[in-house]
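Structural overview for review
This is what each chain is made of:
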Amino acid sequence: MTFTAEQIAALVGGTIEGDASVQITTFAKIEEGTPGAISFLSNSKYEHYLYETKSSAVLVNRDFVAQQPVEATLIRVDNAYETVAKLLTMYQSMQQKKTGISEKAIISESAEIGEDCYVAPLAYIGDNVKIGRGTAIYPNVVVEDNVTIGEDCTIYPNVTIYHDCKLGSRITLHAGVVIGADGFGFAPTANGYEKIPQIGIVTIEDDVEIGANTCVDRSTMGTTIIRHGVKLDNLVQIAHNVDVGANTVMSAQVGVAGTSKIGEWCMLGGQVGVSGHLTIGPRTHVGAQSGLTNTLVVRQGGNVLMGYPAVEHKLFAKQAAALKQLPDLLKEVAELKRQLEEMKMK
Amino acid sequence: MTFTAEQIAALVGGTIEGDASVQITTFAKIEEGTPGAISFLSNSKYEHYLYETKSSAVLVNRDFVAQQPVEATLIRVDNAYETVAKLLTMYQSMQQKKTGISEKAIISESAEIGEDCYVAPLAYIGDNVKIGRGTAIYPNVVVEDNVTIGEDCTIYPNVTIYHDCKLGSRITLHAGVVIGADGFGFAPTANGYEKIPQIGIVTIEDDVEIGANTCVDRSTMGTTIIRHGVKLDNLVQIAHNVDVGANTVMSAQVGVAGTSKIGEWCMLGGQVGVSGHLTIGPRTHVGAQSGLTNTLVVRQGGNVLMGYPAVEHKLFAKQAAALKQLPDLLKEVAELKRQLEEMKMK
Amino acid sequence: MTFTAEQIAALVGGTIEGDASVQITTFAKIEEGTPGAISFLSNSKYEHYLYETKSSAVLVNRDFVAQQPVEATLIRVDNAYETVAKLLTMYQSMQQKKTGISEKAIISESAEIGEDCYVAPLAYIGDNVKIGRGTAIYPNVVVEDNVTIGEDCTIYPNVTIYHDCKLGSRITLHAGVVIGADGFGFAPTANGYEKIPQIGIVTIEDDVEIGANTCVDRSTMGTTIIRHGVKLDNLVQIAHNVDVGANTVMSAQVGVAGTSKIGEWCMLGGQVGVSGHLTIGPRTHVGAQSGLTNTLVVRQGGNVLMGYPAVEHKLFAKQAAALKQLPDLLKEVAELKRQLEEMKMK
């Protein structure tokens with residue numbers, strides 16, 4: 001895409017300062033500016049970059065007052081940060097979408113593919129699969145038998161979706177995601193573990209995004225469920241029969257053990273662990289690397305938790321501060337003991 | 001599959017109470033019952049679901065006494081829990097197995113594929129690969145040169161098995177598993193790290209199941225070995241030259257560093273870390289997120305361990321309880337000090 | 001390959017003791033020796049294996065004095081350990097490299113593939129991709145549009161490289177790696193999270209090796225960058241806009257959150273977590289499972305860190321030792337209190 005600064009100003013309701021005819025072809029952070037790029041300045045901490053940026057144009061707030069001469073063309077808008085988000089979205093929507101069903105894909109005759117879908121070469125679509133209109137299936141994706149996928153989904157390369165799983169609409173699965181592998185269920189016997197068949201499925205509701213190489217296991221019976229609006233980062237593990245509440249967000253490498261139920265609007269930091277058969281209340285925020293076990297503070301929701309086992313974050317901070325003083329405390333108590341002995345002697 | 005409650009009762013040696021002709025087509029948990037499903041009641045905590053379930057039939061123990069009227073057909077058996085496990089296994093064995101060697105697979109002329117194998121379209125089988133009878137290779141699996149795979153294995157989509165690795169029989173590898181990538185070995189030099197060639201292999205014995213996106217690295221020399229009956233959950237990391245003892249179980253996201261040797265019948269909780277060159281005694285149980293380093297308690301086996309570095313779990317609990325009291329202890333010691341000073345003054 | 005012990009001795013400037021004509025076909029650790037293998041003895045702890053090894057030949061240091069008769073042929077060299085590394089490298093370089101562009105690969109007409117490349121069957125190469133000479137692309141790899149890859153790279157099976165990413169030369173990506181999936185960026189609204197488009201890329205410089213199923217996310221704008229000589233182990237997560245300094249090494253399952261900048265020559269142990277927007281000084285070493293947050297000790301570099309939040313490792317050891325004494329300390333303070341009360345009474 002190529003636009004002039006003037007065209008962009010018109011698009012976003014901005015006013016120009018400087019060369020209105022300068023050509024814009026991409027975005028860049030203000031500190032990484034290149035000719036042809038548009039940047040933005042919102043946080044005054046970054047203002048000094050404005051005077052040296054190589055970007056051709058910079059979005060600034062209307063009330064911004066420059067302290068030095070600026071080489072780039074300025075576009076003044078009500079809110080520079082929000083405007084750049086809008087421009088990014090416009091830019092992405094203008095990228096050419098892939099379309100067409102490749103003859104080099106393997107598609108079962110009993111599969112139903114909606115209109116305006118993209119099925120790449122080397123994708124595999126099993127028996128009785130149903131795919132809604134506008135969904136994109138990238139190369140080397142494997143969709144096993146009886147899976148249903150809704151409309152306008154994006155399934156990136158090398159994803160595997162096991163048989164019978166049900167996906168809603170506007171879902172994004174990044175590369176390497178595995179949906180519906182067997183839950184980890186084995187019964188011990190004298191000679192080894194016997195597999196408990198996992199005959200349930202995974203259900204993913206609308207507007208979910210799942211990061212690269214994340215795994216969501218099928219349930220033993222019934223369904224593992226990822227509710228609408230959930231966002232999972234990369235390398236996350238969701239075990240069998242887990243229920244993740246709407247609009248909950250998990251950072252990378254979080255692990256949730258079997259049958260746990262997580263409330264809506266929760267936020268789990270990176271590498272958090274959730275033990276099995278747990279209920280986490282809604283709007284619970286959990287600090288990175290914490291471990292959740294079954295405590296009242298976890299169940300009630302609305303808390304900010306930290307540590308292993310996780311406690312209310314203020315308590316965690318207090319304990320951590322106290323721990324720092326512990327080596328000195330040991331010395332102090334030894335000294336008190338000595339003094340007390342001395343007094344007794346007298 | 002469709003059976004009547006009567007047919008199922010005959011199959012499992014049960015007695016019917018209620019409509020014997022009701023049609024059963026699937027399984028469901030008692031709290032998620034649907035018409036056409038069979039459920040079970042074993043734990044009395046769930047009894048209240050029995051009176052409201054929508055399932056068409058429910059397996060109960062022979063001595064169960066209902067406190068309210070039940071709409072579903074009851075099938076009384078000696079042990080409802082064990083019966084459902086048996087039924088699940090029967091159900092799975094009746095699922096139609098995929099068979100046939102696809103012409104859309106890429107199979108080297110020097111590869112040997114046993115009878116009754118399934119090789120899906122888009123699978124890749126390299127030179128001199130040997131695959132035993134009854135093994136299933138799903139779409140987009142890559143089996144590199146000189147690999148041997150035993151009988152009745154299931155290799156799910158997008159698995160990669162590097163060259164020369166040796167797999168036994170009745171092994172399940174879930175989607176995205178990587179067997180035999182190079183061990184992480186580099187020698188530091190002034191200019192950067194030099195790679196230490198990893199010329200060993202991975203050996204996987206019989207009856208092993210490995211979860212989605214788990215990685216088992218090849219050894220520097222010799223072999224990394226996963227012994228018979230081992231079960232690894234998703235996203236586990238097994239480094240080069242590791243030896244995992246028979247019937248050991250690891251939950252998701254466990255990491256085992258290079259050359260460590262883990263005894264048989266161990267259980268490692270989710271996200272546990274095991275440092276390198278470590279020996280873990282047999283029947284060691286390790287709590288989630290713990291970190292194992294080289295201590296006596298780790299080497300001797302038979303312990304339940306917890307924490308980082310992991311200690312005997314009772315000691316961990318004692319330390320955790322003490323930590324909670326630490327902020328108060330600090331205050332208390334300050335007060336004692338004050339009182340002692342006061343007494344000295346006198 | 002088959003060599004005699006004599007030929008190997010000539011190759012590495014060694015002298016023979018024993019049967020010079022013995023045939024060598026592989027390597028083995030001295031404790032796992034097999035006929036036809038060559039082993040080495042460097043660490044005297046392993047000397048007892050020398051007298052019972054089944055290997056046909058063993059490399060030893062020139063000054064080594066055997067305490068018992070040795071059946072294997074000895075090859076004496078200046079440094080047995082370095083010699084084996086050299087032999088391993090020679091051995092690997094003699095392995096037949098795969099070559100040729102398969103007709104069963106899907107290659108866009110606008111892609112440019114250099115000389116002496118290997119493109120396997122079932123690989124997918126998108127529009128405008130550029131691949132330098134000598135690079136190997138294994139089966140089921142997906143390289144999306146506009147990616148550039150340098151010379152002599154090895155891209156193992158089932159890797160995904162998203163559009164527009166830039167890779168240097170002599171890079172190894174192990175199976176299942178995902179380069180350039182969207183950064184995890186969402187803006188909260190009343191109804192759910194809105195995606196922030198991720199229009200940046202990933203840049204990987206020369207001589208980088210990345211382990212199986214590791215993920216490196218594309219940046220929001222600009223580029224996520226993995227600098228030259230970096231080595232990442234398996235299942236590592238590198239978030240959007242991260243900058244990993246030259247020759248830094250990360251063990252398996254490390255997670256680095258968004259926009260953090262890691263200095264050169266750092267070493268991060270397994271399962272370490274790095275929080276977002278952090279600067280880690282050069283030559284920082286971090287113990288396994290530690291969590292880095294924004295503290296002076298993290299920023300200044302050159303430290304050995306440990307714990308969560310990570311502190312200087314000597315401080316960590318001191319705190320851990322103190323924690324062990326805490327249960328006793330609690331008792332001791334209670335006793336002091338009692339004694340003090342007693343004295344007051346008097």
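What about the overall build of chain A?
Of the regular secondary structure elements, chain A holds five helices and 40 strands. In terms of overall dimensions, chain A has C-alpha extents of about 95 × 65 × 30 Å along its principal axes. Buried positions account for 58% of the 346 residues belonging to chain A. Counting only contacts in chain A whose residues sit at least 6 apart along the sequence, the fraction spanning at least 24 positions is 17%. In the structure as shown, chain A presents an accessible area of about 14300 Å², 51% of it carried by carbon and sulfur atoms. For chain A, the distance from the average position of its 28 positive side-chain charges to the average position of its 38 negative side-chain charges is 9 Å.

Side note on the interface of chain A and chain C
If you look at the interface, chain A gives 56 residues, while chain C gives 62 residues. A buried area of about 4900 Å², summed over both sides, lies between chain A and chain C, and 66% of it is on carbon and sulfur atoms. Considering only the side of chain A, the residues that lose the most area to chain C are Q289, L330 and L340 of chain A, jointly responsible for 11% of the buried surface there. At the boundary of chain A with chain C, the tally comes to three salt bridges. The salt bridge partner of D145 of chain C is K98 of chain A, with a shortest N-O separation of 2.9 Å. Those elements that provide at least two residues to the side of chain A that touches chain C are α3 (80-94), β28 (231-232), β31 (249-250) and α5 (313-345) of chain A. Split by residue class, the side of chain A that touches chain C holds 33 nonpolar, 12 polar and 11 charged.

A closer look at the packing of α5 of chain A against helix α5 (residues 313-345) of chain B
Remark: α5 of chain A packs on α5 of chain B, axes separated minimally by 9 Å, with the N-to-C direction vectors making an angle of 30°. Crossing hand, α5 of chain A versus α5 of chain B: left-handed. For the contact of α5 of chain A with α5 of chain B, the per-class residue count stands at 17 nonpolar, three polar and six charged.

What about the interface of chain B and chain A?
Counting residues at the interface gives 57 residues for chain B, matched by 62 residues for chain A. Taken together, the two surfaces of chain B and chain A that pack against each other cover about 4900 Å², and 66% of this comes from carbon and sulfur. Counting across the chain B and chain A interface gives three salt bridges. Joining chain B to chain A, the criterion identifies 19 residue pairs in polar contact (both at pLDDT 80 or more). For the side of chain B that touches chain A, the secondary structure elements donating two or more residues are α3 (80-94), β28 (231-232), β31 (249-250) and α5 of chain B.

Some thoughts on the environment of V65 of chain A
Residue and element names in this part refer to chain A. In this structure, V65 sits in the loop between β6 (57-61) and β7 (73-77). Assessed through its relative accessible area of 57%, V65 is described here as exposed. Separated by 68 residues in sequence, V65 and R133 place their C-alpha atoms 49 Å apart.

Things to note about helix α5 (residues 313-345) of chain C
Across its 33 residues, α5 of chain C extends 46 Å between first and last C-alpha, which sits within 8% of the 48 Å expected from 1.5 Å per residue. The largest bend along α5 of chain C reaches roughly 45° and is located at L326 of chain C, with the proline P327 of chain C sitting one to four residues downstream.

Things to note about the relation of the copies chain B and chain A
The operation relating chain B to chain A is a screw motion whose rotation component is 120°, with 0.0 Å of axial translation and a residual RMSD of 0.2 Å. Look at the turn and shift together and you get a three-fold axis relating the two.

Let's talk about the sheet that holds strand β30 (residues 243-244) of chain A
All names here are of chain A. The strand order β10-β13-β16-β19-β24-β27-β30-β33-β36 describes an open sheet built from nine strands, whose pairing is parallel. Each edge of the sheet is formed by a strand with only one pairing partner; in this case those strands are β10 (112-113) and β36 (279-280). As paired elements, strand β33 (residues 261-262) and β36 share two bridges and run parallel to each other. Considered in β36, the bridge of K261 is made with T279.

Focus: the packing of helix α1 (residues 5-12) of chain C against helix α3 (residues 80-94) of chain C
Residues and elements named next belong to chain C. Running from amino to carboxyl end, α1 crosses α3 at an angle of 105°, the nearest separation of the two axes being 11 Å. With respect to their mutual orientation, α1 and α3 come out roughly perpendicular. Between α1 and α3, the contacting residues are I8, L11 and V12 on the first element and T83, L87 and M90 on the second. Taken together, the residues that form the contact of α1 with α3 break down as five nonpolar, one polar and no charged.

Some remarks on the packing of aromatic side chains
The geometry of an aromatic ring pair comes down to the distance between the two centres and the angle between the two planes. One pass over the structure, following the stated rule, counts 27 aromatic pairs over all chains. Their ring planes at 40° and their centres at 4.8 Å tell us that Y162 of chain B and Y156 of chain C sit as a pair that is tilted. With Y162 of chain B in the loop between β18 (160-161) and β19 (166-167) and Y156 of chain C in the loop between β17 (154-155) and β18 (160-161), the pair connects residues from two separate chains. Taking the relative accessible area as the measure of exposure, Y156 of chain C reaches 15% and is therefore buried. Taking 5.2 Å as the distance between ring centres and 75° as the angle between the ring planes, the aromatic pair formed by F184 of chain B and F186 of chain B counts as edge-to-face. Exposure class is identical for F184 of chain B and F186 of chain B. Each is buried.

Thoughts on the confidence of the model for chain A
Per-residue confidence for chain A gives a mean pLDDT of 94; residues scoring 70 or more make up 100%. With pTM at 0.93, the complex prediction returns an ipTM value of 0.91.

Remarks on the sheet that holds strand β14 (residues 136-137) of chain C
Residue and element names in this part refer to chain C. Spatially, 12 strands are ordered β8-β11-β14-β17-β20-β25-β28-β31-β34-β37-β39-β40 in an open sheet, and the strand pairing comes out mixed. Looking at the sheet topology across the chains shown, the edges are occupied by β8 (100-101) and β40 (311-312). Both strand β37 (residues 285-286) and strand β39 (residues 304-306) contribute to a ladder of two bridges, which runs parallel. The partner of H285 across the bridge, within β39, is V304.

Focus on the pairing of β7 of chain A
All names here are of chain A. Burial within β7 is extensive, with five of its five residues counted as buried. What you see with β7 is no split at all: T73, I75 and V77 on one side and L74 and R76 on the other are buried throughout. Direction of pairing for strand β2 (residues 15-17) relative to β7: antiparallel, over a ladder of three bridges. By the bridge assignment for β7, E17 is matched with L74. Looking at chain direction, β6 and β7 are connected through five bridges and run parallel. When the sheet's bridge partners are listed, V58 is paired in β7 with L74.

Considering the side chain of N303 of chain A
Residues and elements named next belong to chain A. Turning to its location among the elements, N303 is positioned in the loop between α4 (296-300) and β39 (304-306). Since its relative accessible area comes to 11%, N303 is described here as buried. A polar contact is formed between the side chain of N303 and the backbone oxygen of V297, at a distance of 2.9 Å. Contacts of N303, omitting those with residues within four sequence positions, involve R283, T284, H285, V297 and E312.

Things to note about the pairing of strand β23 (residues 192-195) of chain B
Remark: a regular strand shows side chains that alternate across the two faces of the sheet. Residues and elements named next belong to chain B. Two elements, strand β22 (residues 186-189) and β23, share four bridges in a ladder whose sense is antiparallel. Paired with A187 across the bridge in β23 is E194. What sits between β22 and β23 in their antiparallel hairpin is a turn of two residues.

Focus: unusual backbone geometry
In this chain, Y308 of chain A is followed by P309 of chain A through a cis amide linkage whose omega measures -5°. Here P309 of chain A shows up in the loop between β39 and β40 (311-312). Phi at D164 of chain B is positive, roughly 75°, even though this residue is not glycine. When you line up the elements, D164 of chain B lands in the loop between β18 and β19. One non-glycine residue with positive phi stands out, namely L122 of chain C, at about 70°.

Thoughts on the pattern of salt bridges
Charged atoms that come close allow side chains of opposite charge to pair. Residue and element names in this part refer to chain C. What the rule picks out here adds up to 45 salt bridges over all chains. Of the charged contacts, one joins D78 and R62 as a salt bridge, the two residues approaching to 2.6 Å between their closest N and O atoms. Of this pair, D78 sits in the loop between β7 (73-77) and α3 while R62 sits in the loop between β6 (57-61) and β7; the two residues are 16 residues apart in sequence, bridging distant segments of the chain. When its relative accessible area of 65% is taken as the criterion, D78 is described as exposed. Across the salt bridge formed by R170 and D207, the nearest N and O atoms sit 2.8 Å from each other. Note that R170 is positioned in the loop between β19 (166-167) and β20 (172-173) and D207 in the loop between β24 (201-204) and β25 (209-210), a separation of 37 residues in sequence.

Structural notes on helix α1 (residues 5-12) of chain A
Residue and element names in this part refer to chain A. Residues of α1 that are buried include every one of A5, I8, A9 and V12, and no others. Buried residues of α1, seen end-on, are gathered within an arc of 100° and therefore sit on one face of the element. Opposite its buried face, α1 presents the exposed residues E6 and A10, each directed more than 90 degrees away. Against β1 (3-4), β2, β3 (23-24), β5 (37-40), β7 and α3 lie the buried residues of α1. Downstream of α1 by one or two residues, G13 has phi in the positive range, about 65°.

Rules used throughout
Residues numbered from 1 in each chain as written. Chains lettered and ligands numbered in written order. Predicted model: local features only at pLDDT ≥ 70, side-chain atom pairs only at ≥ 80, totals over all residues. Heavy atoms only, no water. Helix = DSSP H or I, 4+ residues; strand = E, 2+ residues; numbered from the N terminus. Buried < 20%, exposed > 50% of the residue type's maximum accessible area, 1.4 Å probe, protein only. Contact = heavy atoms within 4.5 Å. Areas by Shrake-Rupley, 256 points an atom, 1.4 Å probe, with all protein chains shown as cover. Lys, Arg positive; Asp, Glu negative; His and termini not counted. Charge placed at Lys NZ, Arg CZ, Asp CG, Glu CD. Buried area = accessible area lost by both parts, 1.4 Å probe. Salt bridge = Lys/Arg side-chain N within 4 Å of Asp/Glu carboxyl O. Nonpolar A, V, L, I, M, F, W, Y, C, P; charged D, E, K, R; others polar. Axes fitted to C-alpha atoms, helices over the stretch in contact; angles between N-to-C directions. Left-handed = near helix turned anticlockwise from the far one by under 90°. Polar contact = N/O pair within 3.5 Å; in protein donor to acceptor, adjacent residues only side chain to side chain. Expected span 1.5 Å × (residues − 1). Bend = angle between axes of the 7 residues up to and from the residue. Least-squares fit on C-alpha atoms with pLDDT ≥ 70 in both. Pairing = 2+ DSSP bridges. Parallel < 35°, antiparallel > 145°, perpendicular 65-115°, else oblique. Phe/Tyr/Trp six-rings, centres within 6.5 Å; stacked < 30°, edge-to-face > 60°. pLDDT = per-residue confidence, 0-100. Arc of directions from axis to C-beta.

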